[in-house]
Amino acid sequence: MLEIKNLQVRLEDEDKQILKGVDLTVEAGKVHAIMGPNGSGKSTMSYVLSGRDGYQVTGGSATMDGEDLLEMEPEARAAAGLFLAFQYPVEIPGVGNMTFLRTALNAQRKARGEEEISAGDFLKLVREKAKTLKIDAEMLKRPVNVGFSGGEKKRNEILQMAVLEPKMCILDETDSGLDVDAMKLVADGVNALRDKGRAFLVITHYQRLLDHIKPDVVHIMADGRIIKTGGPELALEVEENGYADILREKA
Amino acid sequence: MAAPKRNDAARLEATEARIAALDLPKGGFTAPARAAALARFREMGLPGRRDEYWRWTDPALFAGVEPQLGDAFRVDKPIFEGRDKVRLVFVDGVYDAAASDDPAIAGVEIARLAEADRADIHWAKALYGALEADGQVPVERPFAALNTATATEGLLIRVTGKAARPLHISYRQSATNSDVVLHHVVRLEKGAELTLLETGTPGARSNVVMEVEVGEAARFHHLRPQGRALDRAMITHLFARVAEGALFKSFTLTANGRMTRNEAVIRIAGDGAVAHIAGAALGDGVDGPYHHDDTIFIDHGAEDCESRQVFKKVLKNGAHGIFQGKILVRPGAQRTDGYQISQSLLLDEDSQFLAKPELEIYADDVKCSHGSTTGAIDETALFYLRSRGVPRADAEALLVLSFVADAIAEIENAEFAADIEARIEDWLARRKH
Ligand SMILES: Nc1ncnc2c1ncn2[C@@H]1O[C@H](COP(=O)(O)OP(=O)(O)OP(=O)(O)O)[C@@H](O)[C@H]1O
Ligand SMILES: [Mg+2]
């Protein structure tokens, strides 16, 4: 599904190399987790994959189902099925949540040559997904993320994912700032979407989320590289001992 | 007149040349007001770039003897089409009865200035030119005086109860050299209600004055999408007096236009009155020169009143936006709540927004605030939208709409607000390539 080879990225405005050769392959139907110290480049990688400005790819490649992601506009990547749940979801005053979702969904459908969803069907779809995530109708009426609590913003990301039904989902610390119950809701939301045609890349600092979303593979990223890959037990090891041992091993 | 006289030879000469070229109507009931207005105009003279409120806007297009030629905008779909309203049409500034609805169905008293002014007596006599004259202090508005002196067309509207339907004054331009002067007088009696729609561009050059007396506990809603003529030179003055417990609300949309200046003088004269004035301006230099100016004066002269100014400008490719807004709180106007915000969204680095917010407060128990900002598109929000599949141009359009949302929120009627929003969306859609 997602294939990243020797990806090297620096900042556009600053002489700073952030990704120093990332290799990562996520197969369809699988859940991969990435853990790693603060500042190791996890968010940078997810931004580069989704096409944010400000980064310069100095080497390597990233493809989704064989398509060169790095050549595509962000909206084309989304239409092709890539989704990033932001570590810091963005507030957009003046744009209603529903308008935002409907515009996004219809834009993706149009890009794929599908028909627009009717207003009635859309409403039904969103209401149903919102209900399972315990997002109330009031929240849907408000401007995108404006006045949402940290946890509400994260749940809103998952709602968007549930409505857009992407095939490659990257979740950047969606668990941070969630209370225990909300984390369970988010995990249930993700699990409901697990499917053999869909893959997940879950960035997290905590083992707890991975108790709910059982990963197939766990990677450790440090200083712009994947330095270790293993099974779910790797996450437990990090939880218990931190990164010191793994980093030492590599040094 | 408050301002010191500074009539140099050039100003005098230009003013006299303009007066000499005028076709001055004698008028019936308006005769004294016209004579007084002409005298006022002569004394003030035509404005120049050195005058305080003309520093950022060149009055030349309004001042010249002849109008600059301008094409009309080819209207595909008129705004507010299909809404229940009474439409009264002016073509090149002349009332067109054949194109208009029967004014009687509006449930208000409507007369044409051109006809009513044959008589010496009319209810509008006390108002015609009176609010304009009153609005010359503290800032002179010579083009408004010129209007009072020369206007032969316009509507005299008196509302005694709740108007049966909105009244729609629709301007159409047909000649490329039309030089239009229109003067409307609106009076809402105690407890009356009226929604007035004013749409389109009257002529190649237009000078429109509207005097509005909002009586006790009356409610007046004014919506003014000014058409999309690219070559237009248009100056408007809205003079209002708002009585006790009354509501005055005005919203203007200005898309395109070489030169548009909208002035307003709102005197809040009775306790507990509310006056809101808002506007959205959209200009893209790619279509032609764009200069838009809002010059607003709100005068609080009573207790427990509220005023609100919300002005948004979206500027691109060398478009210019000007905002000059003043709140005056007179001694004794206690518990005044005055708010003013003017904001611009510059879609590139060539465009310019200049703002002059002013507060002058002589009462001690008031709540007044003003703010002015200039900003670009929020790149983070733009990326967020695009990452969800919304193409760049659509995402930009959404963010522009969100930027003007506060101004549109000032429109109380949801259907009209939707029409205005659709017009803005349409304007934005034309820019996508
Ligand atoms: N736009 C930027 N300007 C300056 N530095 C940046 C920028 N983007 C990323 N960096 C730097 O790049 C490094 C990687 O940041 P990134 O956000 O990718 O880390 P992360 O692994 O997601 O960390 P965390 O776990 O704290 O979220 C950090 O040192 C960060 O300061
Ligand atoms: Mg991060």
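Residues numbered from 1 in each chain as written. Chains lettered and ligands numbered in written order. Predicted model: local features only at pLDDT ≥ 70, side-chain atom pairs only at ≥ 80, totals over all residues. Heavy atoms only, no water.

Digging into the overall build of chain A
Turning to step 1, where the next piece is worked out: Summing up its helical and strand segments, chain A has 10 helices and 12 strands in all.
Turning to step 2, where the next piece is worked out: The C-alpha radius of gyration computed for chain A amounts to 18 Å, which stays within 12% of the reference 18 Å derived for 251 residues, consistent with globular compactness.
Turning to step 3, where the next piece is worked out: A principal-axis box enclosing the C-alpha atoms of chain A has dimensions of 55 × 40 × 35 Å.
Turning to step 4, where the next piece is worked out: When each of the 251 residues of chain A is scored for burial, the buried share is 53%.
Turning to step 5, where the next piece is worked out: Put simply, chain A shows about 11,300 Å² of open surface, and 46% of that area lies on carbon and sulfur atoms.
Turning to step 6, where the next piece is worked out: Treating the 33 positive side-chain charges of chain A as one cloud and the 41 negative ones as another, the clouds have centres 4 Å apart. (Helix = DSSP H or I, 4+ residues; strand = E, 2+ residues; numbered from the N terminus. Rg over C-alpha atoms; globule rule 2.2 N^0.38 Å. Buried < 20%, exposed > 50% of the residue type's maximum accessible area, 1.4 Å probe, protein only. Areas by Shrake-Rupley, 256 points an atom, 1.4 Å probe, with all protein chains shown as cover. Lys, Arg positive; Asp, Glu negative; His and termini not counted. Charge placed at Lys NZ, Arg CZ, Asp CG, Glu CD.)

Examining a negative patch on the surface
Turning to step 1, where the next piece is worked out: Together, Glu-12, Asp-13, Glu-14 and Asp-53 of chain A together with Asp-378 and Glu-379 of chain B line one region of the surface with negative charge.
Turning to step 2, where the next piece is worked out: By relative accessible area, which is 56% here, Asp-53 of chain A ends up exposed. (Patch = residues over 30% accessible without salt bridge, like charges linked within 9 Å, V, L, I, M, F, W, Y side chains within 5 Å. Salt bridge = Lys/Arg side-chain N within 4 Å of Asp/Glu carboxyl O.)

Considerations on the side chain of Thr-63 of chain A
All names here are of chain A.
Turning to step 1, where the next piece is worked out: The residue Thr-63 is located in strand β4 (residues 55-64) in this model.
Turning to step 2, where the next piece is worked out: Overall, Thr-63 belongs to the buried group, its relative accessible area being 19%.
Turning to step 3, where the next piece is worked out: Ignoring sequence-local partners within four residues, the contact set of Thr-63 consists of Met-1, Leu-2, Glu-3, Asp-68 and Leu-69. (Contact = heavy atoms within 4.5 Å.)

Remarks on the interface of chain A and chain B
Turning to step 1, where the next piece is worked out: Taken residue by residue, the interface counts 31 residues in chain A and 16 residues in chain B.
Turning to step 2, where the next piece is worked out: Its salt-bridge partner being Glu-157 of chain A, residue Arg-388 of chain B comes within 2.7 Å of it at the nearest N-O pair.
Turning to step 3, where the next piece is worked out: Our enumeration of links across chain A and chain B arrives at 11 residue pairs in polar contact (both at pLDDT 80 or more).
Turning to step 4, where the next piece is worked out: Every element with two or more residues in the side of chain A that touches chain B is listed here: α1 (42-50), α2 (74-79), β6 (82-85), β7 (92-96), α3 (97-111) and α6 (150-164) of chain A.
Turning to step 5, where the next piece is worked out: Here the residues of the side of chain A that touches chain B sort into 18 nonpolar, 8 polar and 5 charged. (Polar contact = N/O pair within 3.5 Å; in protein donor to acceptor, adjacent residues only side chain to side chain. Nonpolar A, V, L, I, M, F, W, Y, C, P; charged D, E, K, R; others polar.)

Side note on the coordination of the magnesium ion (ligand 2)
Residue and element names in this part refer to chain A.
Turning to step 1, where the next piece is worked out: Those protein atoms acting as donors to the magnesium ion (ligand 2) are Ser-43 (OG) and Gln-87 (OE1), and they sit at 2.0 to 2.2 Å. One end of the pair, Ser-43, is in helix α1; the other, Gln-87, is in the loop between β6 and β7, with 44 residues separating them in the sequence. For the pair formed by Ser-43 and Gln-87, the shared burial category is buried. (Donors = N, O, S within 2.8 Å, 3.2 Å for Na, K, Ca; no water.)

Thoughts on the site of ligand 1
Residue and element names in this part refer to chain A.
Turning to step 1, where the next piece is worked out: Near ligand 1 lie 16 residues; those nearest to it are Asn-38, Gly-39, Lys-42, Ser-43 and Thr-44.
Turning to step 2, where the next piece is worked out: In the environment of ligand 1, an oxygen atom lies 3.2 Å from a nitrogen or oxygen atom belonging to the backbone of Ser-40.
Turning to step 3, where the next piece is worked out: Contact distances for ligand 1 include 3.1 Å between an oxygen atom and a side-chain N or O atom of Gln-87.
Turning to step 4, where the next piece is worked out: When ligand 1 is considered free in solution it has 630 Å² of accessible area, and contact with the protein chains removes 66% of it. (Near = heavy atom within 4 Å.)

Thoughts on the pairing of strand β6 (residues 179-188) of chain B
Look at any regular strand and the pattern is simple: side chains alternate between the two faces of the sheet.
Residues and elements named next belong to chain B.
Turning to step 1, where the next piece is worked out: Within β6, 7 of the 10 residues are buried, which leaves the element mostly enclosed by the surrounding structure.
Turning to step 2, where the next piece is worked out: Bridge count between strand β4 (residues 155-159) and β6: 4 bridges; the pairing is parallel. Within β6, the position partnered with Ile-157 by the bridge is Val-186.
Turning to step 3, where the next piece is worked out: Here 10 bridges tie β6 to strand β8 (residues 205-214), and the two strands are oriented parallel to one another. Within β8, the position partnered with Leu-182 by the bridge is Val-208. (Pairing = 2+ DSSP bridges.)

Focus: the packing of α3 of chain A against α6 of chain A
A packed helix pair is summarised by two numbers, namely the angle formed by the two axes and the spacing between the axes.
All names here are of chain A.
Turning to step 1, where the next piece is worked out: Between α3 and α6, the least distance of the axes is 10 Å, while the angle of their chain directions is 35°. Relative to α6, α3 is oriented so that their crossing is right-handed. Contacts between α3 and α6 involve Asn-97, Phe-100, Leu-101, Ala-104, Leu-105 and Gln-108 from the first element and Asn-156, Leu-159, Gln-160, Val-163 and Leu-164 from the second.
Turning to step 2, where the next piece is worked out: Of the residues belonging to the contact of α3 with α6, the class tally is 7 nonpolar, 4 polar and no charged. (Axes fitted to C-alpha atoms, helices over the stretch in contact; angles between N-to-C directions. Left-handed = near helix turned anticlockwise from the far one by under 90°.)

Digging into the packing of aromatic side chains
Residues and elements named next belong to chain B.
Turning to step 1, where the next piece is worked out: Throughout the structure, instances matching the rule amount to 13 aromatic pairs over all chains.
Turning to step 2, where the next piece is worked out: Judged by centre distance (6.3 Å) and plane angle (55°), the ring pair of Phe-90 and Tyr-171 falls under tilted. Of this pair, Phe-90 sits in strand β1 (residues 86-91) while Tyr-171 sits in strand β5 (residues 167-172); the two residues are 81 residues apart in sequence, bridging distant segments of the chain. This pair shows no difference in class: Phe-90 is buried, exactly as Tyr-171 is. (Phe/Tyr/Trp six-rings, centres within 6.5 Å; stacked < 30°, edge-to-face > 60°.)

Points about the pairing of strand β12 (residues 259-268) of chain B
Residue and element names in this part refer to chain B.
Turning to step 1, where the next piece is worked out: Burial runs high along β12: 10 of the 10 residues are buried.
Turning to step 2, where the next piece is worked out: Every second residue of β12 is oriented toward a common face, with Met-259, Arg-261, Glu-263, Val-265 and Arg-267 on one face and Thr-260, Asn-262, Ala-264, Ile-266 and Ile-268 on the other, all of them buried.
Turning to step 3, where the next piece is worked out: Pairing of strand β10 (residues 233-242) with β12 involves 10 bridges; the strand directions are parallel. Within β12, the residue paired with Arg-241 across the bridge is Arg-267.
Turning to step 4, where the next piece is worked out: Of the strand pairs in this sheet, β12 and strand β14 (residues 291-300) are connected by 9 bridges, and their pairing is parallel. Each residue of the ladder has a partner; that of Val-265, found in β14, is Phe-297.

Here we look at the environment of Lys-190 of chain B
Residues and elements named next belong to chain B.
Turning to step 1, where the next piece is worked out: Along the chain, the position of Lys-190 falls in the loop between β6 and β7 (193-199).
Turning to step 2, where the next piece is worked out: Judged by relative accessible area, Lys-190 falls into the exposed class, the value being 61%.
Turning to step 3, where the next piece is worked out: Each C-alpha atom of the pair Lys-190 and Phe-143 lies 31 Å from the other, and the pair is 47 residues apart in sequence.
Turning to step 4, where the next piece is worked out: Not counting residues up to four positions away in its chain, the partners in contact with Lys-190 are Thr-160 and Glu-216.

Describing the sheet that holds strand β9 (residues 168-172) of chain A
Residues and elements named next belong to chain A.
Turning to step 1, where the next piece is worked out: What the 6 strands build is an open sheet, ordered β6-β9-β10-β3-β11-β12; its pairing is mixed. Two strands lie at the open edges of the sheet, namely β6 and β12 (225-230), each paired on one side alone. Strand-to-strand, the axes of this sheet are offset by a mean angle of 20°, without reference to chain direction.
Turning to step 2, where the next piece is worked out: Here strand β3 (residues 31-35) pairs with strand β10 (residues 199-203) via 4 bridges, running parallel.

With respect to the sheet that holds strand β19 (residues 367-375) of chain B
Residue and element names in this part refer to chain B.
Turning to step 1, where the next piece is worked out: The 10 strands are arranged β2-β1-β5-β7-β9-β11-β13-β15-β17-β19 in an open sheet whose pairing can be described as mixed. Here the strands that pair on one side only, and so sit at the sheet edges, are β2 (94-96) and β19. Here the strands of the sheet are splayed against their neighbours by 10° on average, with no regard to which way each runs.
Turning to step 2, where the next piece is worked out: Pairing geometry for strand β11 (residues 247-255) and strand β13 (residues 274-284), over 9 bridges, is parallel. The residue of β13 that forms the bridge with Thr-254 is Ala-281.
Turning to step 3, where the next piece is worked out: Along the sheet, helix α8 (residues 392-408) contacts β11, β13, β15 (306-316) and β17 (337-346); its crossing angle with β15, the most-contacted strand, is approximately 155°.
Turning to step 4, where the next piece is worked out: In this fold helix α9 (residues 414-429) packs onto β7, β9 (219-225), β11 and β13, with an angle of close to 20° to the strand it touches most, β11.

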